[in-house]
Every structure is written in structure tokens, then in C-alpha cells.
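# Commentary on secondary and tertiary structure
Here is how the chains run, residue by residue.
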Amino acid sequence: RLPTPSPQELEEARRWKGVHDVRPLDGNVRRWGGLLLPNNPPYNTGAFRFELTFSPDHPLEPPCVTLRTPIYHPSVDLEGRVCQPLTTDVHWEPTTRAIQGGHRGDRATVLGVPPLTPLTPAVLQDLLLQLDSPDPQRVLRPDVARELQERPEEFRCRALEHTWLHAEPRPDP
């Protein structure tokens with residue numbers, strides 16, 4: 001039986017300033033929920049609820065990230081699925097963490113997984129970076145991507161309005 005995400009990994013996620021209120025959903029350590037806090041306009045006026053679901057074969061298989069809060073973004077479809085290459089089978093590495101920081105300890109040694117390095121990518125940090133800086137190569141909504149490239153001001157206005165309508169209030173720092 002392979003390990004679930006460690007309590008240490010959850011604790012690291014809770015301490016990171018890019019998210020708020022990260023916790024297991026319904027007591028399931030393989031399903032985390034929380035609020036993502038983008039840094040840049042047009043999304044930085046709200047908080048976006050996310051769900052991170054770990055495979056039973058974690059860390060050998062990538063987790064699945066879903067945004068539960070609707071967002072007007074070229075890389076997130078209407079069901080909240082995210083175009084995130086890091087979490088595809090092609091790019092996934094068992095050393096990838098939910099959040100970058102800390103070390104793996106004995107668990108990694110038992111699995112033969114190399115220890116965490118400062119360069120190990122992290123799923124939630126990659127997601128936040130993607131929301132803050134939409135990438136035209138990571139597209140699930142071609143119409144929104146086209147609007148971003150051809151009419152950026154219109155895109156920003158629509159994304160800001162969508163954020164006001166759907167995002168949750170940002171928690172106090």
C-alpha cells in the first residue's frame with residue numbers, strides 16, 4: 001500500500017500564503033479543499049475554492065486539481081478542470097509535491113524516491129502562477145484565449161466582472 005499525502009505536506013500547504021483554509025474534505029486525506037488567493041488582476045479581488053484529489057497510487061500518479069469557483073480564464077473549463085501539464089502522466093514526477101518546501105524524510109527513502117530539492121515543482125504553486133499569468137499554450141477555452149490575445153482590455157473587464165460575481169471574499173491577512 002502506497003502512502004497518502006503526509007500530514008507534513010498538508011501542514012506545509014496550510015502555511016503557504018497563496019492558499020487559505022486547506023483541509024481534508026469530509027475527513028478524506030486524499031481530497032483536500034481550500035481557497036486559492038491569486039496575486040494579480042483581474043483575479044486578486046477574490047478567492048477561488050479548489051479541490052485537490054490524490055490518486056490511490058499517490059505519489060506514482062498525479063493528483064487532479066479542480067476549481068470549484070467559476071472563473072473566466074483560458075486554462076480552466078466550465079467544469080473547473082484545469083489545463084495543468086504538471087499533473088499529466090507525461091510530466092508527473094513522484095517527487096512533485098502539493099506545495100514546495102520541507103523534506104520527505106523516511107517515507108521517500110522507503111519508496112526509493114529522491115529527497116525533495118528546492119527545484120521540485122509544486123502543484124498548488126503552479127496553479128496559482130497559471131491563474132496569475134495566463135499562458136496561451138495552456139488552453140481549455142479557445143474563445144477566452146483568443147479574446148485575451150486580441151482584445152486584452154475586454155478580457156480583463158469580463159474576467160473582473162466574473163470574479164466579482166462568483167469568487168468568494170478574500171480572507172483577512
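This report concerns the structure included in the present document. Small disclaimer: the values here were computed from a predicted structure and weren't measured. (Residues numbered from 1 in each chain as written. Predicted model: local features only at pLDDT ≥ 70, side-chain atom pairs only at ≥ 80, totals over all residues. Heavy atoms only, no water.)

### A few points about helix H1 (residues 7–15)
Among all positions of H1, only Glu9, Leu10, Glu12 and Ala13 are buried. Down the axis of H1, the smallest arc covering the buried residues is 160°, so these residues share one side. Residues of H1 that are exposed and angled more than 90 degrees away from the buried face: Pro7 and Arg15. (Buried < 20%, exposed > 50% of the residue type's maximum accessible area, 1.4 Å probe, protein only. Helix = DSSP H or I, 4+ residues; strand = E, 2+ residues; numbered from the N terminus. Arc of directions from axis to C-beta.)

### Let's talk about helix H4 (residues 142–150)
For H4, every residue scored as buried is listed here: Val144, Ala145, Glu147 and Leu148. Take H4 and look down its axis: the buried residues cluster within an arc of 160°, on one side only. Facing away from the buried side of H4 by more than 90 degrees, the exposed set consists of Gln149 and Glu150. The secondary structure elements touched by the buried residues of H4 are helix H5 (152–166). (Contact = heavy atoms within 4.5 Å.)

### Observations concerning the nonpolar core
Counting 32 residues, the largest nonpolar core has Trp32, Leu36, Phe50, Leu52, Leu67 and Leu124 as its most contacted members. If you tally residues by element for this core, the top one is helix H3 (residues 123–132), at five residues. Beyond its immediate sequence surroundings of up to four residues, Leu124 is in contact with Ala13, Trp16, Val19, Leu36, Phe50, Leu52, Ala98 and Ile99. (Core = buried A, V, L, I, M, F, W, Y, C linked by side-chain atoms within 4.5 Å.)

### A closer look at the sheet that holds strand E3 (residues 48–53)
Read from one edge to the other, the open sheet built from four strands follows the order E1-E2-E3-E4, with strand pairing classed as antiparallel. The two strands at the open ends of the sheet, each matched to only one other strand, are strand E1 (19–25) and strand E4 (64–67). Averaged over all neighbouring strand pairs, the angle between strand axes comes to 20°, with direction disregarded. In this structure, strand E2 (residues 28–36) lies alongside E3, joined through six bridges in antiparallel fashion. Considered in E3, the bridge of Gly33 is made with Glu51. Helix-sheet contacts for H1 involve E1 and E2, and the interaxial angle to E1 is about 150°. Sitting on the sheet, H3 touches E1, E2, E3 and E4, and the angle it makes with E2 is about 30°. (Pairing = 2+ DSSP bridges. Axes fitted to C-alpha atoms, helices over the stretch in contact; angles between N-to-C directions.)

### Some details on the packing of aromatic side chains
Enumeration according to the criterion identifies three aromatic pairs in this entry. Aromatic side chains Trp32 and Phe54 sit 4.9 Å apart centroid to centroid with 65° between the ring planes, which places their arrangement in the edge-to-face category. Note that Trp32 is positioned in strand E2 and Phe54 in the loop between E3 and E4, a separation of 22 residues in sequence. On the basis of relative accessibility, which here comes to 4%, the residue Phe54 falls in the buried class. Look at Tyr43 and Phe48: their rings are 6.2 Å apart centre to centre, the planes differ by 75°, and that puts the pair in the edge-to-face class. (Phe/Tyr/Trp six-rings, centres within 6.5 Å; stacked < 30°, edge-to-face > 60°.)

### As for unusual backbone geometry
Following Pro41, the chain continues into Pro42 via a peptide bond in cis, with omega recorded as 5°. Along the chain, Pro42 turns up in the loop between E2 and E3. For the peptide bond that leads from His58 to Pro59, omega is 10°, which places it in the cis range. Examined against the element boundaries, Pro59 turns out to sit in the loop between E3 and E4. Positive phi is not limited to glycine here, since Asp21 has a value of about 60°. Topologically, Asp21 is positioned in strand E1. Non-glycine residue Asp26 carries a positive phi angle of around 50°. Judged by its relative accessible area of 74%, Asp26 falls in the exposed class.

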